[in-house]
Amino acid sequence: MCVSFFKPQLRIYISHIFYITQYIHFNDIMSSIINYFVLAVAALSLLLITCNNVYADDTIKQPPHIIYILADDLGYNNVGIQQQRHNTEQNTSEVKTPTIDELTKSGLELSRMYSYKYCSPSRSSFLSGRLPIHVTQNNKNNLVTNPGGADLRMKLLPEVLKERLNYKTHMVGKWHVGARSTSNLPINRGFDSHFGFLKGGEDHLNQHSGDAGITFVDLWRDQKPAFNENGTFSTIIYTNEAVKIIKQHSHLEKNKGTKQPLFMFLAYQATHTPLEVPPSWNVKPVPDDTKTNARSHMNALVEILDSGVKNVTDALKETGMWENTLLIFQADNGGWVTDPSLGGNNYPLRGGKVSDYEGGVRNFAFINGGYMPDNLKSTTFSGLMHICDWYETFQNLAPNFNEEEKNNHDQINNDVPPLDSINQWNSLLVPNGEISKRHEVPLAFCTLEAQCDSPGGVFHSVGDAALIVGKWKIINGTQNKMGIWQGPLYPNASSLPANDAVGCPNGCLFNIF
């Protein structure tokens, strides 16, 4: 194929060589033979170089499969590798997460990945490419009268990947990006399929949820409720769906003989409350646990999550897709520390979910997969990143991405804020890089109109705000009384509900590096 395709180029190369050699005088037959042999070798070498470049270009032009795994309310210290680093007894951990640990150790860890302080704004930010202050800070976005979620005029990430780079796009798990009309459904916002739930939380065991005193099953498949599909533990049911999608995608590729990149947003409900486990799961007791055994149950919930990640990565490897996959794992916010019964632990960071302290907004995150360059294995990127940056970064993984087309797209609708997302791929390619293209992270700006969430109601969060610029971070407001420090084995029998009565009413300035 390469020879036939490059016949014109080959003729040009040879004609140029002969044009040069027509002025060379050959003294005898032997010298003529030698010179013609040299010409033939030169022409063949040029052909091979050209062919290799063509094959290399064909490979490069294939964007990677992107598997983006988002854990729900996962505390900074709720995984094994973090506990091994931070516990008083070095290299020990109560929770066993061998898959997540190994993917972190062999991958690229993102030590300064930031999100919003709770669920919906983080997800809306990721999918819209905008900071939460420019998309939504509202967490209760399922009511008809509620304006939360991502504005319908914003083109979400799956739609962009599908239109520009021919991705197959699938979503599994928790949506929480608006559900007040059918137009808000994931299937109508760029995903080719969706299996999961629409609200912010539900029962892990049976997918029951509630609103206005009514209990119902919140489980959807594409355009309608997933009748008779509930009743399996959430992490297991979503892992099974993800594995099925991977195998079906691989099967279609092999049958058609063509390559098409896969983008899958796998949004687990774990480790969001309630702290439930399947009846058959062995919950290992831990010393000095809370009255509700919150720490042991959180550990179990995380271990089930780890097994889900293992099954997904195993499926990618079994199908041969792993070599061209970029896998990203991160939390959507910090762990719950409002009450010891919630099981979250963000040690050594301060605070937790619904606060702008580091424990509420700095996520455990890493990258792995065969697409990741070998020189990035077992390295750490310590530059600033925000969850909205994936929007541009994912698009720029394809070398044939049209930057001019992107710029035109950004200006299509002036009724909504422009993109805040920054392409971080070149920064990530530097082993143990410290320099980011992002120099500031506006985290929150809570006004009454913003309807920021709070355990005590929206009025309690008015005035809460936070901004990172370089190594400095400023925080304002009461921060929902979440400015508590946790120990390596938090929560425990002596833990009390969070009650930081001081907060930062006059502003607090921190050096966070």
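Keep in mind the model is a prediction, meaning the values are calculated, not measured. (Residues numbered from 1 in each chain as written. Predicted model: local features only at pLDDT ≥ 70, side-chain atom pairs only at ≥ 80, totals over all residues. Heavy atoms only, no water.)

A. Structural detail: empty space enclosed by the protein. Applying the stated criterion to the full structure yields one cavity of 30 Å³ or more. Lining the largest cavity are N77, N78, Q83, E94, R295, N299, N345, P488, L489 and Y490. Here the lining of the largest cavity is composed, by residue class, of three nonpolar, five polar and two charged. (1 Å grid on protein atoms, 1.4 Å probe; cavity = no way out; pocket = protein on both sides within 12 Å on 5 of 7 lines; lining within 4 Å. Points joined across faces, edges and corners; volume = space filled by probe spheres on them. Nonpolar A, V, L, I, M, F, W, Y, C, P; charged D, E, K, R; others polar.)

B. Molecular detail of the state of the cysteines. The full count for this structure, using the stated rule, is two disulfides. There is a disulfide in this structure between C446 and C452, and the S-S distance comes to 2.3 Å. Taking the torsion about the sulfur-sulfur bond, which here is approximately -95 degrees, the covalent link between C446 and C452 counts as left-handed. Here C504 pairs with C508 through a disulfide, and the sulfurs are 2.1 Å apart. The sign of the S-S torsion, about -105 degrees, decides the handedness of the disulfide formed by C504 and C508: left-handed. With relative accessibility at 1%, the residue C504 sits in the buried group. Judged by its relative accessible area of 19%, C508 is buried. (Disulfide = S-S within 2.5 Å. Buried < 20%, exposed > 50% of the residue type's maximum accessible area, 1.4 Å probe, protein only.)

C. A look at the sheet that holds strand β19 (residues 504–511). Read from one edge to the other, the open sheet built from four strands follows the order β16-β17-β18-β19, with strand pairing classed as antiparallel. The sheet is open, and its two edges are formed by β16 (440–445) and β19, each paired on a single side. Direction aside, the axes of adjacent strands within the sheet are offset by 10 degrees on average. Examined bridge by bridge, strand β18 (residues 472–477) and β19 share five bridges and lie antiparallel to one another. Bridging from a neighbouring strand, I475 pairs with C508 of β19. (Pairing = 2+ DSSP bridges. Helix = DSSP H or I, 4+ residues; strand = E, 2+ residues; numbered from the N terminus. Axes fitted to C-alpha atoms, helices over the stretch in contact; angles between N-to-C directions.)

D. The arrangement of the side chain of N87 in detail. Residue position: N87 is located in the loop between α4 (80–86) and α5 (98–105). Classification of N87 as buried rests on a relative accessible area of 11%. A distance of 3.3 Å separates a polar side-chain atom of N87 from the backbone oxygen of T92. Not counting chain neighbours up to four residues away, the residues in contact with N87 comprise N77, T92, S93, P488 and L489. (Polar contact = N/O pair within 3.5 Å; in protein donor to acceptor, adjacent residues only side chain to side chain. Contact = heavy atoms within 4.5 Å.)

E. Seen up close, the layout of surface pockets. In this structure, the second largest pocket encloses a volume near 280 Å³. Lining the second largest pocket are 16 residues, and of these H65, E253, K259, G320 and N324 lie nearest its centre. For the lining of the second largest pocket, the per-class residue count stands at three nonpolar, 10 polar and three charged.

F. Summary view of the environment of N333. Relative to the helices and strands, N333 is located in the loop between β11 (325–331) and α11 (358–361). Sequence separation between N333 and G359 is 26 residues, and the spatial gap between their C-alpha atoms is 8.2 Å. Leaving out residues up to four positions away in the same chain, N333 has contacts with D73, L74, S115, Y116, K117, Y118, C119, K353, G360 and N363. Within the local environment of N333, its side chain forms a polar contact with the side chain of D73, the two groups lying 2.9 Å apart. Only 3.3 Å separates the side chain of N333 from the backbone nitrogen of C119, close enough to count as a polar contact.

Nothing here speaks to function; it is geometry throughout.
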